[in-house]
Each structure stands twice: as structure tokens, then as C-alpha cells.
Amino acid sequence: MTHGFAPDVAISIEKNLLVDEVLLAKNFKYSFESKEAFGEDFQAKIKYAGVGAGAEIKFNLVNDHTLEAQIADGKEYLIAFKTISWGDLG
């Protein structure tokens, strides 16, 4: 049976989430901190990590445990989103 233009559709609301918040950013910097020291192999790879990624990503190894990444190309990127369950809506 159809109602107007949409057919009957069964959706299990309990198994789906609703996107509540979206965070977009441009021209930002973030850092990663590792419990283990970055090895020489890793240090060599970060020189080429941003090449061909579609964004101007610059990496800076701050110390043996901290890596910074900076994007400064003026484009907006999806950084994070927050979901809630349908039961928490309202």
C-alpha cells in the first residue's frame, strides 16, 4: 500500500542514529600524541604523507611522541559529527 508518492517502508529506528551536530573547519592545526616514540621509518614517511591527498597538509614532528598536522588551503573539511539515538531525541 502506498500513501501519496512514498511506498510503505519499514525502518528499525532502534538500529539507526540521528546526526545531531556536524563540525566543519578550515585552516586548522591538530596534534597527535603517541604513547610510543615515532621511529625513523615513520619520520621518513611523514615527509610524503600529504602528497596527493587532495589537501595541502603539512606535517611537523614536534618530538618523538607528538606529530602536528596543519591544513591551510581555505577549504572546509568535515572534522567530526555527533550522533544521538532516536530515544534521546526530544
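The structure displayed is predicted, hence computed values, not measured ones. Each chain has its residues counted from 1, running along the sequence as written. Given that the model is predicted, a residue must reach a pLDDT of at least 70 before its local features are reported, and side-chain atom pairs must reach 80 or more before they are shown or counted; all residues, however, enter totals for whole chains, interfaces and linings. Side-chain measures here rest on the full set of heavy atoms in the structure, leaving out hydrogens and waters.

**As for the confidence of the model for the chain**
Part 1 of the reasoning: Taken over all residues, the pLDDT of the chain has a mean of 80, while the share at 70 or more is 77%.
Part 2 of the reasoning: Strand S1 (residues 2–3) is the least confidently modelled element of the chain, averaging 48 in pLDDT, while strand S4 (residues 28–33) averages 92, the highest of any element. Per residue, pLDDT measures the predictor's confidence, with a range of 0 to 100. What counts as a helix is a DSSP run of H or I of at least four residues, what counts as a strand is a run of E of at least two, and both are numbered from the N terminus.

**Some words on the pattern of salt bridges**
Part 1 of the reasoning: A pair is scored as a salt bridge if a Lys or Arg side-chain nitrogen falls within 4 Å of a carboxyl oxygen belonging to Asp or Glu. With the rule as written, the count across this model stands at four salt bridges.
Part 2 of the reasoning: In this structure, the salt-bridge partner of Glu21 is Lys82, at a minimum N-O distance of 3.6 Å. Here the residue Glu21 occupies a position in strand S3 (residues 17–25), and Lys82 occupies one in strand S7 (residues 77–85), the gap between them amounting to 61 residues.
Part 3 of the reasoning: Partly exposed describes any residue whose relative accessible area lies between the buried limit of under 20% and the exposed limit of over 50%, with all areas from a 1.4 Å probe on protein chains only and scaled to the type maximum. Judged by its relative accessible area of 41%, Lys82 is partly exposed.
Part 4 of the reasoning: Among the ionic contacts, a cluster of salt bridges with common partners joins Asp20, Glu21 and Lys82.

**So, unusual backbone geometry**
Part 1 of the reasoning: The backbone of Asn27 sits at a positive phi, close to 50 degrees, despite the residue not being glycine.
Part 2 of the reasoning: Looking at the secondary structure, you find Asn27 in the loop between S3 and S4.

**Looking at the sheet that holds strand S6 (residues 66–71)**
Part 1 of the reasoning: A pair of strands is labelled paired if DSSP reports no fewer than 2 bridges between them. Taken together, the three strands give an open sheet; going across it, the order is S4-S6-S5, and neighbouring strands pair in antiparallel fashion. Two strands in the sheet have a free side with no partner beyond their single neighbour: S4 and strand S5 (57–63). Neighbour-to-neighbour, the strand axes of this sheet turn through a mean angle of 20 degrees, independent of strand direction.
Part 2 of the reasoning: Pairing between S5 and S6: six bridges, direction antiparallel. With axes taken as lines fitted to C-alpha atoms, and helix axes fitted only over the stretch in contact, angles between N-to-C directions fall between 0 and 180 degrees.

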